Amino acid sequence: MRSFFFYILAGIFALVGIFLISNISKGIDYGKPYNDRVNVYVSSRSTLEKVLEGLPECSIINAKTYTVKVPDGQVQMYQQLFTHRLFVASATLVYPLPKFSFEKYGQSLKKQLTNYSKGNFGEMFKRATGQHIPITDFIGLMIKRTMTYLIPGLATAIGVGTVMALAASIWRRWGKLTDSIHALFTGIPDFFLISLIQLGAVYASKLTTKRLILVIQLNDEVPFLIPYLTILLVPCVLIYGTLRLAIHREMSAAYVRTAYSKGIPRYRIILRHILPNIWEDLLAIMPRAVSAAISGMVIAEVICWIVGLGGYIINPFYVGLDTLPFTCMLLGAFAVAVQLLCLLLRKWLVVRTKEAG
Amino acid sequence: MMMHRYTPAFLISSLLMAVLIVVAVFGGYLKPHGLTEQTRINLDTRIVGGEQVQVSPPLKPDHRFWLGTVHRGWDMISILMSGMKYTFGLTLLIAISRFAIGLPIGLYTGTTGRGRKVVDMLQWIFTAVPAFVFVYPALSGIHAALGLQSGLPISHPNNLVFGKIMYAVVTLIGVAGIAKQFQERSRFYSDKLYIDASRLLGASTWRIMFRHMLPCLRVEIMFAFLAEFVQILFLLGQLAIFGIYVGGGLNLDYEDYKVRVPQTGEWCAMIEYAARTMRIYPWIMLAVGLFYTASILIMQFFLHQLKVRFHPAE
């Protein structure tokens, strides 16, 4: 029990750490823009000198950073002027290098905690309508959306990974094929996997001239198959690999050799004798599998423009204002809760035969 | 530890690894097309629907540009080969730094038993919670504070400042995992008779760590280093989807979308660029993904063959 409290403490530290790290940007002191200089980014077809021709009052301060001196107090006017000049990609105000202020950071943490105590967890800004929506109005929908594919995806990954590992051990030729596929999938990054699934859906729709699979969120229509497949594949690969190694390890154990010598068929040995002994390995890999599932879920939501628990952070239609710490803590809390559940299951289901200490 | 004769698989994996390293280091010289203003394609003549039309980049793959071009008219293969050194260089630096910090901590806590709980707790936290949950909020705020989302050129000092911060954050996030791994290994070796003998003879902890344990762990360090390199590549790829990467880009505005075109070909910048235009220009993401995946597969194949060579019984 003592070790379980240790992990609860670790979980609390994790959430506190996420809260502190998520608010680091609040301690950044931007400073005020200089009132006598503008950054003028010139396209490759011209030079800064040519752009400044006809403006004798302006001069180059630093060619490397494209900083141009303009008359005092007229930065806004010259910024607009340069923006509309030929061969200028953009013109921006010049800020001093930001500094980190612990005082400002401490004050912002205090303010954030006060807001949380009042039930204010930040707002979402909807670009299309200019609305400010408290995230508490939105969070239920976001959680529901995310859990719609996260829980089924994870559950399917555990089932499929376990069944595939058992099948690969029972039928050796099938095992060689699935081992090769496993080796291939471990090398594919999750962002590329999602991209391949999404592009596959796009081409399938083009071929059939019908919308077979939704690839991005359209109003309240949320893609299911793409995030579901992503969440399914990544942990499934992890679980398959772990259980294959575990079964391979158990196959050389004395009790398995005894079972073989008694004439018990391979499939029976694996299902009746080995399977109960590899649950611990499955529970041991579960935290990593859940972590991989959450990562895959967030990337799928970002790529498919889903306004879910992870996808809203980069969404073309919404901007989060002060919501990032809250949603990061929610994701962290979910991951920690699953870890603790796996620890409890290990405690209850796994019989320890080693000496204490 | 018995080493066996070179197997064909080991030789092939070594050859592929050598090719990867050569392309990473000399990609800028080996690339098939130039990346200058003179080699840019502004307009290309293509046959579309039986008619000759002028097409502006990005161009689809054809016999000249096997993986197509980017928005600025440069060959995809050339820009990826040119940018490989930045990505691999940063990854290598992060991996070395993680080991430089994590390995001594792991050896110390495993040998002496002091600080073991702290390492266990930190490793548990960073395994349970995905790394980007810690890394993204910190880096996104700094990224915005430095004005990098407006597309500063690579030479701008803010890019270097952000690069240093990102390197530090990504390094620190992985230290606990390495410390825990080598804490367990050094704990295993700590029970060996020759370590006990060394202790009894008055050897200091540092001597035991570096003169006795470290040589026993050198093969495992090599395996763990390669595995860590791959994990860092995965993490950098994930952060790139969120728009967090090192290296500048040029903002280009089109009628209905904006895109930030990388200037150096750095792979994470290319991932972010490809993700924004994937549904319109899919070959860009396919090219970047292909290079990324091929590199990871080659490293994993080499790592597997190394393990087979050094630990054939396993």
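Reading the values: rules and limits
- Residues numbered from 1 in each chain as written.
- Chains lettered and ligands numbered in written order.
- Predicted model: local features only at pLDDT ≥ 70, side-chain atom pairs only at ≥ 80, totals over all residues.
- Heavy atoms only, no water.
- Helix = DSSP H or I, 4+ residues; strand = E, 2+ residues; numbered from the N terminus.
- Buried < 20%, exposed > 50% of the residue type's maximum accessible area, 1.4 Å probe, protein only.
- Contact = heavy atoms within 4.5 Å.
- Areas by Shrake-Rupley, 256 points an atom, 1.4 Å probe, with all protein chains shown as cover.
- Lys, Arg positive; Asp, Glu negative; His and termini not counted.
- Charge placed at Lys NZ, Arg CZ, Asp CG, Glu CD.
- Phe/Tyr/Trp six-rings, centres within 6.5 Å; stacked < 30°, edge-to-face > 60°.
- Buried area = accessible area lost by both parts, 1.4 Å probe.
- Salt bridge = Lys/Arg side-chain N within 4 Å of Asp/Glu carboxyl O.
- Polar contact = N/O pair within 3.5 Å; in protein donor to acceptor, adjacent residues only side chain to side chain.
- Nonpolar A, V, L, I, M, F, W, Y, C, P; charged D, E, K, R; others polar.
- Pairing = 2+ DSSP bridges.
- Axes fitted to C-alpha atoms, helices over the stretch in contact; angles between N-to-C directions.
- Expected span 1.5 Å × (residues − 1).
- Bend = angle between axes of the 7 residues up to and from the residue.
- pLDDT = per-residue confidence, 0-100.
- Parallel < 35°, antiparallel > 145°, perpendicular 65-115°, else oblique.

This part covers the overall build of chain B. Of regular secondary structure, chain B possesses ten helices and four strands. Order of helices (α) and strands (β) in chain B, N terminus to C terminus: α-β-β-α-α-α-α-α-α-α-β-β-α-α. With respect to the principal axes defined by its C-alpha atoms, chain B has extents near 85 × 50 × 30 Å. Here chain B holds 314 residues, and 54% of them are scored as buried. Nonlocal contacts in chain B, meaning residues at least 24 apart in sequence, comprise 71% of its contacts between residues at least 6 apart. Carbon and sulfur atoms provide 64% of the accessible area of chain B, an area that totals close to 14200 Å². Each charge class in chain B can be summarised by its mean position, and for the 27 positive and 17 negative side chains these summaries are 11 Å apart.

With that settled, consider the packing of aromatic side chains. Under the definition given, this model contains 26 aromatic pairs over all chains. Measuring from ring centre to ring centre gives 5.2 Å for phenylalanine 6 of chain A and tyrosine 7 of chain A, while their planes differ by 75°; the resulting arrangement is edge-to-face. We classify phenylalanine 6 of chain A as buried; its relative accessible area is 16%. Exposure remark for tyrosine 7 of chain A: the relative accessible area of 22% places this residue in the partly exposed category. Taking 5.2 Å as the distance between ring centres and 75° as the angle between the ring planes, the aromatic pair formed by phenylalanine 188 of chain B and tyrosine 189 of chain B counts as edge-to-face.

Here we take up the interface of chain B and chain A. The partner chain A presents 58 residues to the 49 residues of chain B that form the contact. It is Met121, Trp124 and Arg279 of chain B in chain B that bury the most area against chain A; as a group they hold 16% of the surface buried on that side. Applying the counting criterion to the chain B and chain A interface returns zero salt bridges. Linking chain B to chain A there are five residue pairs in polar contact (both at pLDDT 80 or more). For the side of chain B that touches chain A, the secondary structure elements donating two or more residues are helix 3 (116–128), helix 4 (131–145), helix 5 (157–190), helix 8 (218–241) and helix 10 (282–310) of chain B. Looking at the side of chain B that touches chain A, its residues break down into 31 nonpolar, twelve polar and six charged.

Residue and element names in this part refer to chain A. Across the sheet, which stays open at both edges, the four strands sit in the order 3-4-2-5 with antiparallel pairing between neighbours. If you trace the sheet from one side to the other, it starts and ends with strand 3 (59–62) and strand 5 (88–93), each paired once. Neighbouring strand axes in the sheet, compared pairwise and without regard to direction, differ in orientation by 35° on average. The sheet contact formed by strand 2 (residues 37–42) and strand 4 (residues 67–69) spans three bridges and is antiparallel. What sits directly across from arginine 37, in strand 4, is lysine 69. Sheet strands touched by helix 3 (residues 75–83): strand 2, strand 4 and strand 5. Its angle to strand 5, the strand with the most contacts, is close to 170°.

Bringing helix 11 (residues 279–303) of chain A into the picture now. Residue and element names in this part refer to chain A. Over its 25 residues, helix 11 runs 35 Å from end to end, which matches the ideal 36 Å to within 8%, given 1.5 Å per residue. By the largest-angle criterion, methionine 286 marks the main kink of helix 11, which is about 40°, and a proline, proline 287, follows within four residues. In terms of burial, helix 11 is largely enclosed, as 21 of its 25 residues are buried. One or two steps after helix 11, the chain reaches tryptophan 305, where phi turns positive at roughly 60°.

As a further point, take the confidence of the model for chain B. Mean pLDDT over chain B: 87, with 94% of residues reaching 70 or higher. Within chain B, the element-level pLDDT minimum falls on strand 3 (residues 249–253) of chain B, averaging 66, and the maximum on helix 2 (residues 76–112) of chain B, averaging 94.

A word on the packing of helix 8 (residues 225–251) of chain A against helix 10 (residues 266–274) of chain A. Residues and elements named next belong to chain A. Direction vectors running N to C along helix 8 and helix 10 enclose 105°, while the axes themselves pass 12 Å from each other. Comparing the axis directions of helix 8 and helix 10 gives the class roughly perpendicular. Here helix 8 contributes Ile247, Glu250 and Met251 to the contact with helix 10, which in turn contributes Arg266, Ile270 and Ile274. Its residues assigned to classes, the contact of helix 8 with helix 10 shows four nonpolar, no polar and two charged.

A few words now on the pattern of salt bridges. Residues and elements named next belong to chain B. Within this structure, the stated rule accounts for 14 salt bridges over all chains. Its salt-bridge partner being arginine 199, residue aspartate 196 comes within 3.2 Å of it at the nearest N-O pair. Of the two residues, aspartate 196 and arginine 199 are both situated in helix 6 (residues 193–200); the distance of three residues between them amounts to about one turn of the helix. For aspartate 196, a relative accessible area of 32% puts it in the partly exposed group. When its relative accessible area of 34% is taken as the criterion, arginine 199 is described as partly exposed. Here glutamate 272 and arginine 276 are joined by a salt bridge, their closest N and O atoms 2.6 Å apart. Here the residue glutamate 272 and the residue arginine 276 both occupy positions in helix 9 (residues 267–276), the gap between them amounting to four residues, near one helical turn. With a relative accessible area of 5%, glutamate 272 lands in the buried category. Put simply, Asp120, Lys180, Glu184 and Arg187 are held in one network by salt bridges that share partners.

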